[in-house]
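Okay, here's what each chain looks like letter by letter:
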Amino acid sequence: MKIHSSLTTSEFSAALAAPSERAEGLFREQREAVYRATDHLFARLLVLEWAVLIVVALLVAPGSWPGQTGRIDLQIWLAVVFGGAITLLPVALAQLRPGAAITRYTIAACQMLHSGLLIGLSGGRLETHFHVFCSLVILSFYRDWRVLVPATLIVALDHFLRGAYWPVSIYGVLSSGSFRSVEHCAWVVFEDVFLAIACFRSTHEMRATALRTAALEASQHANQLIMDKSRDVICANDAEGRFVSVSAACEALWGYKREELIGKSCVEMVHPDDRERSRLANLEIMGGHPVTNFENRYVRKDGKVVDVLWSAYWSESDGTLFQVARDITKRKRAEVALQKTNRQLASAHQANQLIMDNSQDVICSLDAQGRFLSTNAACQSLWGYSAEELIGRCYLVLVHPEDRVRSKQVEAGTRTGGKTDLINRCLRKDGSIIDVLWSVSWSAADEILFCVAHDVTERQRTEKALREAKEAADRANRAKSEFLSRMSHELRTPLNAILGFGQLLERQAPQPKQRLHLTHLLTAGHHLLELINEVLDISRIETGRMQLSLGPVSVKVALKEAIDLIQPLATEHSIHLFVAPKNETDHFVMADRQRLHQVLLNLLTNGVKYTPAGGAVMVNCRIDDAIVRLAVRDTGIGIAPGMLPRAFTPFDRLGAEQTGVEGTGLGLALSRRLVEAMHGRVGVESVQGEGSTFWLELARTEAPLEVIAANSLPDAPSREPENANKEECVFA
Ligand code: ADP
């Protein structure tokens, strides 16, 4: 049983120890009560005796003192006055100071004086001497031997004095020897001895009783402390199951106050599903079989259900069921959670086992020295060894000798890095070599390497074949570009000669028919030259031999030059060529000036070429943070959606061959390569029959002069207006 922490060991010990002080107190209280009770007893007895003395003086004394009339008056006076004095003084003390020592001693002395007066009034009759012995016995009610001392002294004094000077009043004879008084006193002392013994015994018993009472009180106090401070539920129930006493913990368990619980039936609070079981357990307990660790559930006052663990026994003599219980709700919940976790663990283990058993890959664990601790059946198909053959052997025996050092190094790295992948060659049992991919992770806590080994021989072969094929393709591509480049060079020299001589012939006033032939010759020659130039440019870009000189290029200037150059062609085709909206702000892009010019010319030429007469071609420039976007939009024939993805494919004219419009099918392909070589992007949006928009984006940059100025004046304020992030700019 647990005791609440606030109940300290010393507190508990102090409660349990039978305090001698308390016993002494109880003893004194008891003795005081005896003294007071005896004082009151004597107060009443003395008054009664006084009355008896007066009656004796009136009725008995005349017979005892014949012929002495005068003496009769004296006896009455003695009975009234002296008797009154020895009665009223002790009665007054008994009322005013009950229990005090002076009261007791005075009562003892006066009681004995009453005996002496009675003997005297009776004329020394022997029978009245018994009053002395009776008085001593009654005085022993005080259980204090000391009261016998004044009483005995009074008796002795009375006997010796009156025996010597007035023997008739004490012995009823006219003369008497002193021996008679000694004999009387001896009898009194004889009785005193036994009465004193009785007083000692009685006092001893009283002290023992006080000690027992104190011990009982201490035990009850300790019990109460346990009841109040124990975390366990301690309670006693009657035969009907009603609570007789409950510890403080009962309130916490059931949510009822102590007053509400007392008299309430314990069974009422048992969970309905557990009632029958609890009833049977109760019968067993009451049949004399104590129950320990019995569990059931209760419904608290607030409706919550609590799990309780019980120990109980039935006391037939008390007709009481003593029970100690504990709230185990948390423990039960923890048990349920643990069971759930165990179930999950078991199913996870089962799943793991299934994976292990059915995996095509080897799943294994190695100890710190690299020896197999466990492996699944896949090792048989991977290495040709069974699990039993591998357990306890180092994995390095499987590794190709040339790969062992590297494998060992990777394994060491895994211990610091935690997880690594490694491909090495392994020797199968049949001597064949396979490539194995190891995924290794190191568990520092268990000092175990967990590995998954996968046969990648086929994959390695395929990858190698692919690599070789790609290298061959690259070589072929390079050879093709090289060939194109050489061919273009070789073709350009004779073609220039053809064009040159053609132009010479044209100036020599040829016949109209000859002029027509010359025009065909020159047109075809120019077309061929354009084609060769573009092929040469593309092959240069592809072989990485295109030299670009990137620097800040004014968008305004680039667009103006391109438009000026295209304007005659546009006029010839009746196309309205313009820039919109107009804006005087200039911007700079990072580009090769000549190549940007080439790209713009190509886009503008296409716009004019593929737009019917009367149409329009518009150029637009938009600034988007660090990007400048130039767009050439036309109202031409547009491109079918299915053909758009092929717009930048070399030699693909998207069916323009049938329209009679001249072209090589290389312009857009070359433009894309050039823009990308300048770290930009190019694209197209088009709606068939409505028109197309070809756009290009290039990185925005500072104007060359501003760069110089900024470098020489580092603290100069920024040139950019705050809201200049996005703007439209157009150049006339
Ligand atoms: P081409 O010398 O034939 O013009 P390009 O590479 O410049 O070669 O263009 C490829 C094809 O894209 C063109 O043949 C044409 O079919 C289509 N095209 C290019 N620009 C436009 C345009 N502005 N409008 C409609 N079609 C266009």
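In what follows, the structure referred to is the one given above.
What counts, and where the lines are drawn
Residues numbered from 1 in each chain as written. Predicted model: local features only at pLDDT ≥ 70, side-chain atom pairs only at ≥ 80, totals over all residues. Heavy atoms only, no water. Near = heavy atom within 4 Å. Polar contact = N/O pair within 3.5 Å; in protein donor to acceptor, adjacent residues only side chain to side chain. Areas by Shrake-Rupley, 256 points an atom, 1.4 Å probe, with all protein chains shown as cover. Helix = DSSP H or I, 4+ residues; strand = E, 2+ residues; numbered from the N terminus. Buried < 20%, exposed > 50% of the residue type's maximum accessible area, 1.4 Å probe, protein only. Lys, Arg positive; Asp, Glu negative; His and termini not counted. Salt bridge = Lys/Arg side-chain N within 4 Å of Asp/Glu carboxyl O. Contact = heavy atoms within 4.5 Å. Core = buried A, V, L, I, M, F, W, Y, C linked by side-chain atoms within 4.5 Å. Expected span 1.5 Å × (residues − 1). Arc of directions from axis to C-beta. Disulfide = S-S within 2.5 Å. Axes fitted to C-alpha atoms, helices over the stretch in contact; angles between N-to-C directions. Parallel < 35°, antiparallel > 145°, perpendicular 65-115°, else oblique. Left-handed = near helix turned anticlockwise from the far one by under 90°. Nonpolar A, V, L, I, M, F, W, Y, C, P; charged D, E, K, R; others polar. Phe/Tyr/Trp six-rings, centres within 6.5 Å; stacked < 30°, edge-to-face > 60°. Pairing = 2+ DSSP bridges.

K.L.:
Is there a simple way to think about the site of the ligand in this case?
P.N.:
Taken together, 20 residues lie near the ligand, and N606, Y610, R653, T664 and L668 sit nearest. Interatomic distance of 3.2 Å between a backbone N/O atom of G665 and an oxygen atom of the ligand. G667 places a main-chain nitrogen or oxygen 3.1 Å from an oxygen atom of the ligand. Out of a free accessible area of 520 Å², the ligand has 96% covered by protein chains. When residues of the shell around the ligand are assigned to their parent elements, the largest contribution, three residues, is made by helix α20 (residues 593–609).

K.L.:
How should I be thinking about the side chain of D592 in this particular structure?
P.N.:
Positionally, D592 belongs in the loop between β13 (588–591) and α20. Buried within the structure, D592 lacks any salt-bridge partner; its nearest side chain of opposite charge belongs to R595, at an N-O separation of 5.2 Å. Polar contacts involving the side chain of D592 include one to the main-chain amide nitrogen of Q594, which spans 3.1 Å. Excluding residues that lie within four positions of it along the chain, D592 makes contacts with Q547, L548, S549, L550, V553 and M678.

K.L.:
Please explain the nonpolar core as it appears in this structure.
P.N.:
Judged by nonpolar contacts, the single largest core of 48 residues is most densely connected at V589, L596, L600, L604, L630, L696 and L698. Counting 26 residues, the second-largest nonpolar core is a separate cluster that includes L366, W383, V436 and C451.

K.L.:
What is the right way to read the environment of R486 from this model?
P.N.:
Within the element layout of this structure, R486 appears in helix α17 (residues 457–507). On the basis of relative accessibility, which here comes to 55%, the residue R486 falls in the exposed class. Sequence spacing of R486 and W254 is 232 residues, and the spatial spacing of their C-alpha atoms is 101 Å.

K.L.:
Quick question: what am I supposed to make of helix α7 (residues 148–165) here?
P.N.:
Side chains that are three or four residues apart share a direction in an α-helix, a result of its 3.6 residues per turn. Spanning 18 residues, α7 covers 25 Å between terminal C-alpha atoms, matching the ideal 26 Å at 1.5 Å per step. Those residues of α7 that sit buried are L148, A151, T152, V155, A156, D158, H159, R162 and G163. Seen from one end, α7 has its buried residues packed into an arc of 160°, which puts them on one side. Along α7, the residues that are exposed and aim more than 90 degrees away from the buried face are L153, L157, A164 and Y165. On the buried face of α7, the contacting elements are α5 (101–121), α6 (130–139), α8 (168–171) and α9 (178–229).

K.L.:
How should I be thinking about the state of the cysteines in this particular structure?
P.N.:
Such a bond, covalent and formed between the sulfur atoms of two cysteines, is termed a disulfide. For the coordinates displayed, the defined rule picks out zero disulfides. Among the cysteines around C185, which has no disulfide bond, C134 carries the closest sulfur, lying 17 Å off. On the basis of relative accessibility, which here comes to 10%, the residue C185 falls in the buried class. For the unlinked cysteine C426, the closest cysteine sulfur is that of C364, found at 10 Å.

K.L.:
Hey, could you run me through the packing of helix α2 (residues 20–59) against α5 in this one?
P.N.:
Remark: α2 packs on α5, axes separated minimally by 10 Å, with the N-to-C direction vectors making an angle of 20°. Between α2 and α5, the angle falls in the class roughly parallel. For α2 against α5, the interelement crossing comes out left-handed. Listed contacts from α5 to Y35, D39, F42, L45, L46, E49, W50, L53, V56 and A57 of α2 are T103, R104, I107, Q111, H114, L117, L118 and L121. Partitioned by chemical class, the residues of the contact of α2 with α5 number twelve nonpolar, three polar and three charged.

K.L.:
So what exactly am I meant to see when it comes to the packing of aromatic side chains here?
P.N.:
Describing an aromatic ring pair means giving the distance of the ring centres and the angle of the ring planes. Within the structure shown, the criterion is met by 14 aromatic pairs. With 5.5 Å between their ring centres and 70° between their planes, W254 and Y298 make a pair best called edge-to-face. Of this pair, W254 sits in helix α10 (residues 248–254) while Y298 sits in strand β3 (residues 291–299), and the two are 44 residues apart along the sequence. Of the two residues examined, W254 and Y298, each falls in the buried class. Among the aromatic residues, those joined into a cluster by ring pairs are F243, W254, Y298 and W310.

K.L.:
I tried to follow helix α16 (residues 404–417) on my own but got confused; where do I start?
P.N.:
The end-to-end C-alpha separation of α16 is 19 Å, in line with the 20 Å expected for 14 residues at 1.5 Å each. Contact partners of the buried residues in α16: β8 (419–427), β9 (433–443) and β10 (448–455). Immediately beyond the C-terminal end of α16, within one or two residues, lies G418, with a positive phi of roughly 95°.

K.L.:
Quick question: what am I supposed to make of the side chain of E191 here?
P.N.:
For E191, the position within the fold is in helix α9. Here E191 occupies a buried position and makes no salt bridge, while the nearest side chain of opposite charge, R201, is found at 15 Å. For E191, the contacting residues outside a window of four places in its chain are F133, L136 and V137.

K.L.:
What am I meant to see in the sheet that holds strand β6 (residues 362–366) here?
P.N.:
What holds strands together in a sheet is hydrogen bonding between their backbones, with the strands either parallel or antiparallel. Pairing within the open sheet is antiparallel, and its five strands lie in the order β7-β6-β10-β9-β8. Looking at the sheet topology across the chains shown, the edges are occupied by β7 (372–375) and β8. Each strand of the sheet is rotated relative to its neighbour by a mean of 25°, with strand direction disregarded. Where β8 lies against β9, nine bridges are found, and the strand directions are antiparallel. Of the residues in β9, the one forming a bridge with L422 is W438. Relative to the sheet, α16 contacts β8, β9 and β10, its axis offset from that of β8 by approximately 160°.

That is the geometry; function is a separate question.
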